[in-house]
Amino acid sequence: MLFAERRAQKPLRFPFYMSKQTIKSTEYPRQALGKEFIVAAGARGRFDEEAFHGKTLLCIDLTDAKNSEFGDKKRRRFMEIAEKAGKRAGSEFACCLFCGNEAKFLFLAENTLSLEMLRAFIGSRTKLKAVSSAVTDGYEFYKNFLPTAEQLQRFNNEEILFDIRALGDIGGQRRVNFHLAFRSEPDTADFAPNALREGFALGSAEESSDDDCSVGFVVHRICELTPDSVGAATDKVIALVAPYGGKLLYWDCPIQKRLKK
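Rules and cut-offs
- Residues numbered from 1 in each chain as written.
- Predicted model: local features only at pLDDT ≥ 70, side-chain atom pairs only at ≥ 80, totals over all residues.
- Heavy atoms only, no water.
- Phe/Tyr/Trp six-rings, centres within 6.5 Å; stacked < 30°, edge-to-face > 60°.
- Helix = DSSP H or I, 4+ residues; strand = E, 2+ residues; numbered from the N terminus.
- Buried < 20%, exposed > 50% of the residue type's maximum accessible area, 1.4 Å probe, protein only.
- Polar contact = N/O pair within 3.5 Å; in protein donor to acceptor, adjacent residues only side chain to side chain.
- Contact = heavy atoms within 4.5 Å.
- Axes fitted to C-alpha atoms, helices over the stretch in contact; angles between N-to-C directions.
- Left-handed = near helix turned anticlockwise from the far one by under 90°.
- Nonpolar A, V, L, I, M, F, W, Y, C, P; charged D, E, K, R; others polar.
- Expected span 1.5 Å × (residues − 1).

Caption draft 1: Up close: the packing of aromatic side chains. What the rule picks out here adds up to eleven aromatic pairs. Ring centres of phenylalanine 78 and phenylalanine 98 lie 6.5 Å apart, and the angle between their planes is 35°; on these two criteria the pair is classed as tilted. One end of the pair, phenylalanine 78, is in helix α2 (residues 72–89); the other, phenylalanine 98, is in strand β5 (residues 92–99), and 20 residues separate them in sequence. For phenylalanine 78, a relative accessible area of 0% puts it in the buried group. Taking 5.8 Å as the distance between ring centres and 85° as the angle between the ring planes, the aromatic pair formed by phenylalanine 178 and phenylalanine 200 counts as edge-to-face.

Given below as structure tokens:
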């Protein structure tokens, strides 16, 4: 029995929504605007440009003068506050940006009418001075903090692994099948030797459902069914296909359940 095709058919398409059963928020590092940020996206964090059409980006900035950085516990608490603030003000929460002792809450709204409500609510709940601002062309700012293809796939991996465990899989090592797509057969042929050198076994050609890349191909690798092991493999395969214009469409693997006595 193969699993994961249904959930991961198009893992890199936007918008991307995390499973609430997996984790309530998703954090990833991002270097942007000359600084190192931790980007914390909510359970329904928006990563798509379409979400910004006709919307204003509302920003609430905080600085904690007593501490040098926001720790894990405080970041989680701030995420909860941001979700509540967005619901109360009728604005869509996008993400939080953390850099040292500075935090920026980002929301999407039709206009700036909810800006003051967001500022007051977040300031009162965090006990920190909150400064508000609005950016009309919000996507130009926000795109600096988009997750990479590798990061997006790792989020997707966690959701798939959660569902595999929910089916009663016993875990351990498994042959994982990575379903790829390329624009042409020569691209596939050029990719294959590099995949072999990096420890992947070559599979067979298959049909591709991707509109831009019509040539499908499968490679295999033995992985532990853990986020780190599968994530390392998806990171590697995404990097390998990129020079040839290829894509990782999804991965799947056999399900192994404990035998009943």
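Now, onward.
Caption draft 2: Examining the side chain of serine 208 more closely. Looking at where serine 208 falls in the secondary structure, it is placed in the loop between β9 (201–207) and β10 (215–224). Judged by its relative accessible area of 17%, serine 208 falls in the buried class. At a separation of 3.1 Å, a polar atom in the side chain of serine 208 contacts the main-chain amide nitrogen of aspartate 210. Residues in contact with serine 208, not counting those within four places in the same chain, are Ala181, Cys213, Ser214, Val215, Gly216 and Leu249.

Caption draft 3: Spatial organisation of the packing of helix α5 (residues 149–166) against helix α7 (residues 227–241). Two elements in contact, α5 and α7, have axes separated by 9 Å at closest approach and are oriented at 140°. In this structure, α5 meets α7 at a crossing whose hand is right-handed. Packed against α5, whose contacting residues are Ala149, Glu150, Gln153, Arg154, Asn157, Glu158 and Leu161, the element α7 presents Pro227, Asp228, Val230, Gly231, Ala232, Thr234, Asp235, Ile238 and Ala239 at the interface. A per-class count over the contact of α5 with α7 returns seven nonpolar, four polar and five charged.

Caption draft 4: Expanded view of α2. For α2, which comprises 18 residues, the first-to-last C-alpha distance of 26 Å matches the rise-based estimate of 26 Å (1.5 Å per residue) to within 8%. For α2, the full list of buried residues reads Arg75, Phe78, Met79, Ile81, Ala82, Ala85, Gly86 and Ala89.

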